[in-house]
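Results of the structural survey
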Amino acid sequence: MLEHCKLNETSLRKILKIAPQQGCKVGGTTPEWLAIKSFGKQGPKRRLEEHMKVLMTCNIVQHLAMLSTLQLLLFMH
């Protein structure tokens, strides 16, 4: 449970760090220059999506585990 909380906290910190980058614009550059500059790099949107997937997957697994434990406890009584 403690690992789950730490993973959530880490993921949320990364999301909060990346989220403002979504709105930033680069002025005075050509599309070609931007394409060359960003070649091979992962954009903020992609990183944000990855961190959100990790966070959601971890939370879903945690909730399913809790539900199955609760189901077993109720079934035993």
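The structure we're discussing is the one just above.
Residues numbered from 1 in each chain as written. Predicted model: local features only at pLDDT ≥ 70, side-chain atom pairs only at ≥ 80, totals over all residues. Heavy atoms only, no water.

**Quick notes on the overall build of the chain**
A count of helical and extended segments in the chain gives 3 helices and 0 strands. Secondary structure of the chain in N-to-C order comes out as α-α-α. Counting every position in the chain, which comprises 77 residues, the buried fraction comes to 13%. (Helix = DSSP H or I, 4+ residues; strand = E, 2+ residues; numbered from the N terminus. Buried < 20%, exposed > 50% of the residue type's maximum accessible area, 1.4 Å probe, protein only.)

**Quick look at the packing of helix H1 (residues 2-18) against helix H3 (residues 44-76)**
Viewed as axis vectors pointing N to C, H1 and H3 meet at an angle of 155°, and their least axial separation amounts to 9 Å. The angle between H1 and H3 falls in the class roughly antiparallel. The hand of the H1/H3 crossing is left-handed. Counting all contacts with H1, which are made through His-4, Leu-7, Asn-8, Ser-11, Leu-12, Lys-14, Ile-15 and Ile-18, the residues of H3 involved are Pro-44, Arg-47, Leu-48, His-51, Met-52, Val-54, Leu-55, Cys-58, Asn-59 and Gln-62. Grouping the constituent residues of the contact of H1 with H3 by class yields 10 nonpolar, 6 polar and 2 charged. (Axes fitted to C-alpha atoms, helices over the stretch in contact; angles between N-to-C directions. Parallel < 35°, antiparallel > 145°, perpendicular 65-115°, else oblique. Left-handed = near helix turned anticlockwise from the far one by under 90°. Contact = heavy atoms within 4.5 Å. Nonpolar A, V, L, I, M, F, W, Y, C, P; charged D, E, K, R; others polar.)

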